[in-house]
Amino acid sequence: MPEQPQTTNNKPQTHGPLVGIVMGSESDLDVMKAAAEILRQFDVEPELTIVSAHRTPERLRDYATKAKERGLKVIIAGAGGAAHLPGMIAAQTILPVIGVPVKSSNSMDGWDSVLSILQMPYGVPVATVALNGAKNAGILAAQILALHDTSIAGKLEAFKEYQDDIVMESVKNVKSFGFRNEFD
Ligand code: RP5
């Protein structure tokens with residue numbers, strides 16, 4: 001099995017968080033922590049907290065309107081059920097917002113959350129990832145930061161190569177089972 005690139009350099013960060021991760025409830029944390037974990041692999045230490053669109057509307061307004069002046073560059077917002085958090089943040093900031101639909105305890109089957117986050121009206125985009133796709137949200141946030149950060153860009157390149165290595169290892173494995181493959 002190819003080794004995952006060890007990207008972290010453990011250097012202390014000299015600036016505030018560039019990525020803000022918010023979620024509607026602590027019950028979303030199991031899913032949403034994957035965004036923080038993958039960002040750490042690229043040496044990006046995000047902030048992470050709870051902001052509920054329905055239960056703490058004032059906190060939502062504060063978070064969204066202050067995000068840019070606080071130095072955030074991207075916001076990842078996850079919620080389940082009637083998931084208004086990503087859209088309502090996007091309505092109040094020009095920062096890119098990545099929405100993570102969460103299959104929560106109050107969700108019928110996940111579609112409620114997917115559609116609430118995906119079907120945004122013209123003028124207020126939310127980049128929506130798959131159901132429970134917090135990992136991809138973290139990678140996408142890193143890709144946005146990498147536009148202006150060559151160190152993150154290098155780590156993303158290494159990550160892409162690692163994924164390639166993993167698949168090629170499987171190609172070898174499957175071939176060894178005796179299936180015909182004239183491509184490789
Ligand atoms: C949503 O309702 C939250 O994002 C969470 O996914 C779901 C359930 O919240 P709790 O009742 O567990 O706090 O707003």
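Residues numbered from 1 in each chain as written. Predicted model: local features only at pLDDT ≥ 70, side-chain atom pairs only at ≥ 80, totals over all residues. Heavy atoms only, no water.

**Details of the overall build of the chain**
The secondary structure content of the chain amounts to six helices and five strands. Along the first, second and third principal axes, the C-alpha set of the chain runs to 60 × 45 × 30 Å. For the chain, the residues scored as buried account for 41% of the 184 residues in total. Expressed as a percentage of contacts within the chain between residues at least 6 apart in sequence, the contacts between residues at least 24 apart total 68%. Of the charged side chains in the chain, 17 are positive and 21 negative; the average position of the first set lies 3 Å away from that of the second. (Helix = DSSP H or I, 4+ residues; strand = E, 2+ residues; numbered from the N terminus. Buried < 20%, exposed > 50% of the residue type's maximum accessible area, 1.4 Å probe, protein only. Contact = heavy atoms within 4.5 Å. Lys, Arg positive; Asp, Glu negative; His and termini not counted. Charge placed at Lys NZ, Arg CZ, Asp CG, Glu CD.)

**Concerning the side chain of Ser 52**
Note on placement: Ser 52 falls in the loop between strand 2 (47-50) and helix 2 (57-66). For Ser 52, a relative accessible area of 8% gives the class buried. The contacts of Ser 52, once residues within four sequence positions are left out, are Gly 24 and Pro 57.

**Observations concerning the packing of aromatic side chains**
This model, assessed by the stated rule, comprises one aromatic pair. Look at Phe 42 and Phe 159: their rings are 5.6 Å apart centre to centre, the planes differ by 90°, and that puts the pair in the edge-to-face class. Of this pair, Phe 42 sits in the loop between helix 1 (29-41) and strand 2 while Phe 159 sits in helix 6 (residues 150-176); the two residues are 117 residues apart in sequence, bridging distant segments of the chain. Given a relative accessible area of 1%, Phe 42 falls into the buried group. (Phe/Tyr/Trp six-rings, centres within 6.5 Å; stacked < 30°, edge-to-face > 60°.)

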